[in-house]
Amino acid sequence: MARFLVRRVALGVFVMFVVTVVVFLIFYVGPGSADVARARAGRQATPAQVAAVARELMLNRPLYAQYWHFFWGQLLHGNLGTDYYHGQPVTTIIKQAFPITLSLALGAAVIWLVLGVLSGVLSAVRNRSIWDRIVTVLALFFYSMPSFVLGLLLLYIFYYQLTLAGVHLFPGAGYTYLTDNPVKWFQGLVLPWITLALISAAAYTRLTRGSMLDVMSEDYVRTARSKGLSERRVIYRHALRSALTPVVSQFGIDLGVLVGGAVITEKVFGMPGLGYTAVTAIENQDLPVIIGIVIVASAAVVVANILVDLFYAVLDPRVRLH
Amino acid sequence: MTLTPGDVASVPAEEEPGVGDEPEGEAARVIEGRSPWRLAYERLRHDRASMIALAIIVVIILMAIFAPVFATLTGHGVYQQFRTTGLSPAGLPVHPSGQFLFGTDDQGRDILVRVAYGARISLIVGVVATLLEVAIGTVLGLAAGYFGKVVDTVIARIIDIVLSIPFLLFAISLVSISHPSLTIVIVVIGVFGWAAVARVVRGQVLSLREKEYIEAARSLGAGSWRIMFVDILPNIVAPIIVYASLLIPVTIVIEASLSYLGIGVPPPTADWGTMISGAQQLYQQAWWYLFFPSAALLVTTVAFNIFGDGLRDALDPRSNQLFT
């Protein structure tokens, strides 16, 4: 287990290294050094200021030196620069936005795992029943649904129509911090959670259903049944445990997708999380903010991925041996 | 044993890797000499849901091809703004009516015509970007699975990395330093989307590599390229086709998402994602502006997913379960 952990963390560190190289290439090398300095210096910079920025970023030095400056001088010292418009440190901006994305992603992930696994098990256990059909059709429908379409549909029904009817259950946009008002926090998150969760849950329903159907026809499940175990025990203790392994490994892969889904959901519901901030930063060409968010979000995904893999190794001992 | 392309093409459904010996029962029923492709076609043809989905896809394709006909018939150009008839006195979009069947958007343009033109972008990106993903993924997956050792380790690591970074954020970054365009969108989707394909192909190749017929080909002096592309590739075409058909709706959604975020195909090009993004500001006053592009997008992705599911069931009759 210790070896598995060490190898997994090493891979995570390597992924982060690659991420920083790619980010460096995209933002520092791709546009050409003259443009980088000009973009970095801001819109109203004088030529002297641009030259100063170029010196500061070591744009006249070889690439590896530039990268080293970016990696060692900035990232590892937690210095992500300041944004162009208010001169706020990027780390402060990220600290404000991160809890929002975390609330959104965690809540949605819990809903989608529970919903997806339960409906998948139900669908597999009652194979070809009316439940199976309903679940399968709904799963296909939501699986095909773009998240912004679902989000806007929910807003139209549960915000606009309800408000017209005089019911104010959910806000139309914005975010309330948990520490400010837990009730408002929850109300504001219900629709975004559902938006993000329903679409992913559909994929997990399909995955769990297929995996359960495979497992249910295994010999050991028949053995468990012939031992006289209750059907409930056979399904939840014996079958589900091994049926869940592909679900867990898929969840690891989907963490990156979760961040992407959060970008769109935040945009739909006007929640100033990491994704919304990144999109706004792009509209404003606010490079330090974009770079900071891409790196922090990637790091979050890498860490979460390691946690998922550890859980996976606990669930399926074979993983540790490979 | 040299396989002509015709022979090889008839193998897939039987040689479906990972099947073991089970297809024997299926093969016994094939005795009349109908090729597995033919059988798959027959199965697909009798699957009502898939055929309806296919009909819908054909309609969408026709709508894309004949988009200018919509413009001619209605007399409304795709970029044409009807400031007097297409906007209310308050400057808001007008309701669906005899003149504007789907209503107008915030600039007084005909939504029907723009939805028809929007199908072009969705289909072009959906198909071309998917082909790009499948091409890159297949070549790298083949190389990783066939050569093994260092090549496999390197490619497998790259796959891991690409799969574990937040795609959308990187796509946003890439687009932000260049000017958004149709080509950029396709390239970005292709560059980040191939890894899943490569993973599937690699797995398939690993199980095929040890088969006797590969050894036979090698002992007859066939080179690596020949074995990879002539002996192995045709045998994994079926799963690749299934995967590609299910990738198209995913790609269409990604394209629409990029456009929704304002980093896809730039305006004034008619695009479903861009239209939905514009409609978001006005959905309380103009439901039709939101409804029609959303419906077009949803119908398209549902149809492609149903057809892809049907295609999988037809090519792999064993599986009575959903694709995982």
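Values in this document were obtained by computation on a predicted structure and should not be read as measured data.

Looking now at the overall build of chain A. A tally of regular secondary structure across chain A gives 13 helices and 0 strands. Taking the contacts inside chain A whose residues are at least 6 apart along the sequence as the reference set, 70% of them involve residues at least 24 apart.

It is worth spelling out the overall build of chain B at this point. A count of helices and strands for chain B gives 15 helices and 0 strands. In chain B, 72% of the contacts between residues at least 6 apart in sequence involve partners at least 24 apart.

Cis geometry marks the peptide bond from Pro267(B) to Pro268(B), where omega comes out at 10°. Along the polypeptide, Pro268(B) turns up in the loop between helix 13 (237–260) and helix 14 (272–280).

Two measures define how a pair of helices packs: the angle their axes make with one another and the distance between the axes. Residues and elements named next belong to chain B. At their nearest, the axes of helix 5 (residues 48–65) and helix 15 (residues 287–315) sit 8 Å apart, and the two run at 135° to each other. With respect to helix 15, the axis of helix 5 lies oblique. As helix 5 runs across helix 15, the sense of the crossing is left-handed. The residues of helix 15 that touch helix 5, namely those facing Ala 49, Ser 50, Ala 53, Leu 54, Ile 56, Ile 57 and Ile 60, are Val 299, Thr 300, Ala 303, Phe 304, Ile 306, Phe 307 and Gly 310. Broken down by class, the residue content of the contact of helix 5 with helix 15 amounts to 11 nonpolar, 3 polar and no charged.

The next point concerns helix 12 (residues 224–232) of chain B. At 3.6 residues per turn, the α-helix brings residues three or four places apart onto the same side. Residues and elements named next belong to chain B. For helix 12, the complete set of buried residues consists of Met 228, Asp 231 and Ile 232. Across the axial projection of helix 12, the buried residues extend over an arc of 120°, all falling on one side. Buried positions along helix 12 lie against helix 7 (111–147), helix 10 (182–209) and helix 11 (212–219).

All names here are of chain B. Where helix 5 contacts helix 7, the axes come no closer than 7 Å and their chain directions differ by 110°. With respect to helix 7, the axis of helix 5 lies roughly perpendicular. Pair helix 5 / helix 7 crosses with left-handed handedness. Judged by residue contacts, Ile 60, Ile 61, Met 63 and Ala 64 of helix 5 engage Ala 116, Ala 119, Arg 120 and Leu 123 from helix 7. Residues that form the contact of helix 5 with helix 7 fall into these classes: 7 nonpolar, no polar and 1 charged.

What follows covers the environment of Thr280(A). Residues and elements named next belong to chain A. Tracing the chain through its elements places Thr 280 in helix 11 (residues 274–283). Judged by the 14 C-beta atoms lying within 10 Å of it, Thr 280 falls in the partly exposed class. Spatially, the C-alpha atoms of Thr 280 and Lys 267 are 9.3 Å apart, while their sequence positions differ by 13 residues.

Quoted interface sizes are often the accessible area lost when the parts come together. Contacts between the two partners involve 38 residues from chain B and, on the opposite side, 44 residues from chain A. Going through the elements one at a time, helix 8 (149–164), helix 9 (167–177), helix 13, helix 14 and helix 15 of chain B are the ones with two or more residues in the side of chain B that touches chain A. Broken down by element, the side of chain B that touches chain A gets its largest block of residues, 9 residues, from helix 9 of chain B. For the side of chain B that touches chain A, the class distribution of residues is 26 nonpolar, 12 polar and no charged.

Of note, Val237(B) is situated in helix 13. Assessed through the 18 C-beta atoms surrounding it within 10 Å, Val237(B) is described here as partly exposed.

Glancing now at the environment of Ser178(B). Residues and elements named next belong to chain B. Residue placement: Ser 178 occurs in the loop between helix 9 and helix 10. We classify Ser 178 as partly exposed; it has 14 C-beta atoms within 10 Å. When the C-alpha positions of Ser 178 and Tyr 283 are compared, they lie 31 Å apart, and in sequence the two are 105 residues distant.

Moving on, we get to the confidence of the model for chain B. All names here are of chain B. With 87% of its residues at a pLDDT of 70 or more, chain B has an overall mean of 80. Confidence, read as mean pLDDT per element, is least for helix 1 (residues 5–9) in chain B (38) and greatest for helix 7 (91). A low-confidence stretch, residues 1–23 stays under pLDDT 50, and its non-local contacts, those more than four residues away or across chains, total 35 contacts. Quick note on the complex model: pTM equals 0.83, ipTM equals 0.83.

Conventions we followed
- Residues numbered from 1 in each chain as written.
- Chains lettered and ligands numbered in written order.
- Predicted model: local features only at pLDDT ≥ 70, side-chain atom pairs only at ≥ 80, totals over all residues.
- Helix = DSSP H or I, 4+ residues; strand = E, 2+ residues; numbered from the N terminus.
- Contact = placed C-beta atoms within 7 Å.
- Axes fitted to C-alpha atoms, helices over the stretch in contact; angles between N-to-C directions.
- Parallel < 35°, antiparallel > 145°, perpendicular 65-115°, else oblique.
- Left-handed = near helix turned anticlockwise from the far one by under 90°.
- Nonpolar A, V, L, I, M, F, W, Y, C, P; charged D, E, K, R; others polar.
- Buried ≥ 20, exposed ≤ 12 C-beta atoms within 10 Å, placed from the backbone.
- Arc of directions from axis to C-beta.
- pLDDT = per-residue confidence, 0-100.

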